[in-house]
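Inside the fold
If you want the building blocks of each chain, they are given just below.
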Amino acid sequence: MDQQAEILQLNAKVSALEKALGNLHRQAQEQQKTADAELQKSQTDLRELRHDYEILRVQKGGFGFKMMLFAGLGAFFTGVLLCYLFFRLREKPNEAFQDFAHTHQLQLERNITDGNFTGAEKLLKTEEEHPDNAVIKSQLQFSRKLIEAARKRCE
């Protein structure tokens, strides 16, 4: 009987070990499922983070390019406007004086050559008051004073 009791005892131990092994196997499967679920969740989070990063990078890059484009266009048009104003204002007195000289130079030279200084002065005085010649008024006054001085010298 002793052997039978030992066999029963060993069978009970084997059953207990098999039961413990089954429990351990179930726990390992549950832990594996939990680990797989955590891995899936981590991978999903990683994909979402990468997607959000790409969207942010594109938005930031797009914003920077747009701002650089707008700043460049703004600077270009400002430069064009300033150049236009600068050269327009700069050339206007020259153009006005050239128009005046083209129109009245021959008559002024004839008046001075004939000794008609008063006629030349009147012509210059009239042209000083003309609104188109406002930008060359100082040059016309200077010319009138020179003719006046020449008239006084000749008298």
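Further up the page is the structure itself.
So, a few notes on the structure that sits alongside this text. (Residues numbered from 1 in each chain as written. Predicted model: local features only at pLDDT ≥ 70, side-chain atom pairs only at ≥ 80, totals over all residues. Heavy atoms only, no water.)

1. Observations regarding the layout of surface pockets
Here the largest pocket is characterised by a volume of approximately 200 Å³. Around the largest pocket, the lining residues are F97, F100, A101, Q105, L108, E109, I112, L124, S143, L146 and I147. Elements represented by at least two residues in the lining of the largest pocket include exactly α1 (2–113) and α3 (137–154). Here the lining of the largest pocket is built from residues that sort into eight nonpolar, two polar and one charged. A volume near 150 Å³ is recorded for the second largest pocket. Residue lining of the second largest pocket: eleven residues in total, with A96, D99, F100, D132 and N133 positioned closest to the centre. (1 Å grid on protein atoms, 1.4 Å probe; cavity = no way out; pocket = protein on both sides within 12 Å on 5 of 7 lines; lining within 4 Å. Points joined across faces, edges and corners; volume = space filled by probe spheres on them. Helix = DSSP H or I, 4+ residues; strand = E, 2+ residues; numbered from the N terminus. Nonpolar A, V, L, I, M, F, W, Y, C, P; charged D, E, K, R; others polar.)

2. Observations concerning the packing of aromatic side chains
Summed over the entire model, instances satisfying the criterion amount to two aromatic pairs. Where F76 meets F77, the ring centres are 5.3 Å apart and the plane angle is 70°; that geometry is what we call edge-to-face. Measuring from ring centre to ring centre gives 6.2 Å for F97 and F100, while their planes differ by 40°; the resulting arrangement is tilted. Residue F97 and its partner F100 are located together in helix α1, separated by three residues, close to a single helical turn. Under the relative-accessibility criterion, F97 is labelled partly exposed at 36%. (Phe/Tyr/Trp six-rings, centres within 6.5 Å; stacked < 30°, edge-to-face > 60°. Buried < 20%, exposed > 50% of the residue type's maximum accessible area, 1.4 Å probe, protein only.)

3. A short note on the nonpolar core
Counting residues in hydrophobic clusters, the biggest one holds ten residues: A96, F100, L108, F117, A120, L123, L124, I136, L140 and I147. Ranked by residues supplied to this core, first place goes to helix α2 (residues 117–129) with four residues. The residues touching F117, leaving out its near neighbours within four places in the chain, are N111, I112, I147, A150, R151 and C154. (Core = buried A, V, L, I, M, F, W, Y, C linked by side-chain atoms within 4.5 Å. Contact = heavy atoms within 4.5 Å.)

4. Section: the packing of α2 against α3
Their axes nearest at 9 Å, the elements α2 and α3 cross at an angle of 165°. With respect to each other, α2 and α3 are oriented roughly antiparallel. As for the relative orientation of α2 and α3, their crossing is left-handed in sense. Residues F117, T118, A120, E121, L124, K125, E127 and E128 of α2 form the contact with α3, whose participating residues are K137, L140, Q141, S143, R144, I147, E148, A150, R151 and C154. A breakdown of the residues in the contact of α2 with α3 according to their chemical character gives seven nonpolar, three polar and eight charged. (Axes fitted to C-alpha atoms, helices over the stretch in contact; angles between N-to-C directions. Parallel < 35°, antiparallel > 145°, perpendicular 65-115°, else oblique. Left-handed = near helix turned anticlockwise from the far one by under 90°.)

5. So, α2
For α2, which comprises 13 residues, the first-to-last C-alpha distance of 19 Å matches the rise-based estimate of 18 Å (1.5 Å per residue) to within 8%. Listing the buried residues of α2 in full gives F117, A120, E121, L123, L124, E127 and E128. End-on, the buried residues of α2 take up no more than an arc of 160°, which puts them together on one face. The exposed residues of α2 that point more than 90 degrees off its buried face are K122 and E129. (Expected span 1.5 Å × (residues − 1). Arc of directions from axis to C-beta.)

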